[in-house]
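# Structural features, examined
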Amino acid sequence: MTFTKAALLATCVTAFAATAQAETLSIQTSFNAGDFSTKYLTETWLPKLSEMTDGRIALTLTPNGSIVPAKETPEAVAAGVIDGDFTSVNYFSGREPAFAILGDLISGYDTPEQMLGFCHDGGGEVMMQKAVDAITDGEVKVVACGPYSREALVARTPIRTFEDLKGKKIRSPEGLAAAVFQAAGASPVSIPFSEVFGALEKGIVDAADASAYVNNDATGLNEVAPFPLFPGIHSMPSMQFTVNRETWDALSPQDQTALRDWWYEAMYAMAGEVAKKDKELAARDNAGGKIEVIDWAQADRDKMRAVARVQWEDYAKKSPLAKEALDANIAYMTKIGLFK
């Protein structure tokens, strides 16, 4: 056998061995099968993870509730039923109040990138780890966290300023979101998501906490509520990315770093892609004449945040960990100029 053939054979054997040893992690998401997020991550970002780890790590993303109910993913990850989760933190707010603060600081951050920065650089990961440890006894590793979109607020009637919220009936989830709307002068109404379209169409509510602009467009909500507030003034739900602790510890430091870097790069990119699609739809609707897209002035957003802060602080009294989570958020928000 010539040297060239021998070298080629050795290269092929090494490549095969690397492929054979690839770690494939089963990650349950809180995305629905076939939605934009799942498709975007699967087609664009899963291949990049293979590149970043030279094929040593691969992920299989499964839809919301496909293996266990979404609210039970921390225990499933701890037990090794699934290798990890990529889940909206709001599912766990009933387990430990800190999750409500970390999952959606209502009317807090202006952009997903700001809150991703809190997780990546401002102590958010540390706080999320403490909250997860509180319900899993340290058996789950928080790799990363943060949101990728800000929800719009669909409205039947114009809400052009903070003062315009007064007296408006707004569909809202119970808890922190409802408390913030009420403190701002609105009247929160608890209606299941499945009934939002009918409630807006019939005038039962004036506005509704629903979803991102692109999703509201797809479901026709903007047609029955033609004064959407975009970018939104309220909800920006955060995600967590976790891995079973033993599985995480078995990875090399190089691959641990690559997995974390991959997630943040994917989320920043997805935030940009969703924002692009939302802006394109909003511009189209504004030009069409039937829908008026309302973008609040920064002064009105600041008023909303100031009112919301009082409600955050009241909610944070529910547990020492919730107070610590809020303090971490406020410290970072002050650092980036959202509070003076």
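These figures come from a predicted structure and were not determined experimentally.

### Section: the packing of aromatic side chains
Inspection of every chain in the model, using the stated rule, returns 13 aromatic pairs. Here the aromatic cluster, defined as three or more aromatic residues joined through ring pairs, consists of Phe-31, Phe-86, Tyr-148, Phe-241, Trp-262, Trp-263 and Tyr-264. Between Arg-309 and the ring centre of Phe-339, over which it is positioned, the NZ or CZ distance is 4.6 Å.

### Focus: the nonpolar core
The biggest cluster of nonpolar side chains holds 90 residues, and the ones touching the most others in it are Leu-59, Tyr-109, Leu-259, Trp-263, Trp-296 and Met-304. Setting aside its immediate chain neighbours within four residues, Leu-259 contacts Leu-25, Leu-49, Ile-57, Leu-59, Val-143, Phe-241, Val-243, Trp-248 and Leu-251. Ala-208, Ala-210, Leu-221 and Val-224 belong to the second largest nonpolar core, which has 11 residues in total.

### Section: the sheet that holds strand β2 (residues 57-62)
Spatially, β2-β1-β3-β9-β4 is the arrangement adopted by the 5 strands of the open sheet, whose pairing is mixed. At either margin of the open sheet sits one strand with a lone partner, and together these are β2 and β4 (140-146). Ignoring strand direction, the axes of neighbouring strands in this sheet form an average angle of 20°. Where β4 lies against strand β9 (residues 239-244), 6 bridges are found, and the strand directions are antiparallel. By the bridge assignment for β9, Cys-145 is matched with Gln-240. Most of the contacts of helix α2 (residues 36-52) go to β2, to which it runs at about 155°, and overall it touches β2 and β3 (84-88). Its contacts with the sheet place helix α12 (residues 253-288) against β1 (23-29), β2, β3, β4 and β9, and it is angled at close to 30° to β4.

### Describing empty space enclosed by the protein
One pass over the structure, following the stated rule, counts 1 cavity of 30 Å³ or more. Considered as a void within the structure, the largest cavity measures approximately 50 Å³ in volume. Ser-107, Gly-108, Asp-110, Arg-150, Gly-232, Ile-233, Trp-296, Arg-301, Met-304 and Arg-305 are the residues that line the largest cavity. In terms of residue class, the lining of the largest cavity is built from 3 nonpolar, 3 polar and 4 charged.

### Observations concerning the layout of surface pockets
Within this model, the largest pocket holds a volume of roughly 1,300 Å³. Where the lining of the largest pocket is concerned, the elements lending two or more residues are α2, α7 (176-183), α9 (213-218) and α12. Sorting elements by how many residues they give to the lining of the largest pocket places α9 first, with 3 residues. Looking at the lining of the largest pocket residue by residue, the classes come out as 17 nonpolar, 15 polar and 7 charged. Of the pockets and cavities examined, the second largest pocket occupies roughly 330 Å³. Considering the residues around the second largest pocket, the lining is formed by 18 residues, among which Pro-112, Phe-230, Pro-231, Ala-275 and Lys-279 are closest to the centre. Residue assignment for the lining of the second largest pocket shows that the elements contributing at least two residues are α5 (112-121) and α12. With 6 residues, the single largest contributor to the lining of the second largest pocket is α12.

### Digging into the pairing of β2
Bridging between β1 and β2 involves 6 bridges; their strand directions are parallel. Bridge pairing in β2 links Ser-26 to Thr-60. Traced from β1 through α2 to β2, the parallel crossover comes out right-handed.

### Comments concerning the sheet that holds strand β5 (residues 153-155)
Here we have 4 strands laid out as an open sheet, ordered β5-β8-β6-β7, and mixed in their pairing. This sheet does not close on itself; its edge strands, each paired only once, are β5 and β7 (187-189). When the angles between neighbouring strand axes are averaged without regard to direction, this sheet yields 30°. Relative to strand β8 (residues 207-209), β5 runs antiparallel, the two sharing 3 bridges. When the sheet's bridge partners are listed, Ala-155 is paired in β8 with Ala-207.

The rules we used
Residues numbered from 1 in each chain as written. Predicted model: local features only at pLDDT ≥ 70, side-chain atom pairs only at ≥ 80, totals over all residues. Heavy atoms only, no water. Phe/Tyr/Trp six-rings, centres within 6.5 Å; stacked < 30°, edge-to-face > 60°. Lys NZ or Arg CZ within 6 Å of the ring centre and 35° of its normal. Core = buried A, V, L, I, M, F, W, Y, C linked by side-chain atoms within 4.5 Å. Buried < 20%, exposed > 50% of the residue type's maximum accessible area, 1.4 Å probe, protein only. Contact = heavy atoms within 4.5 Å. Pairing = 2+ DSSP bridges. Helix = DSSP H or I, 4+ residues; strand = E, 2+ residues; numbered from the N terminus. Axes fitted to C-alpha atoms, helices over the stretch in contact; angles between N-to-C directions. 1 Å grid on protein atoms, 1.4 Å probe; cavity = no way out; pocket = protein on both sides within 12 Å on 5 of 7 lines; lining within 4 Å. Points joined across faces, edges and corners; volume = space filled by probe spheres on them. Nonpolar A, V, L, I, M, F, W, Y, C, P; charged D, E, K, R; others polar. Right-handed = clockwise from strand over helix to strand, strands pointing away.

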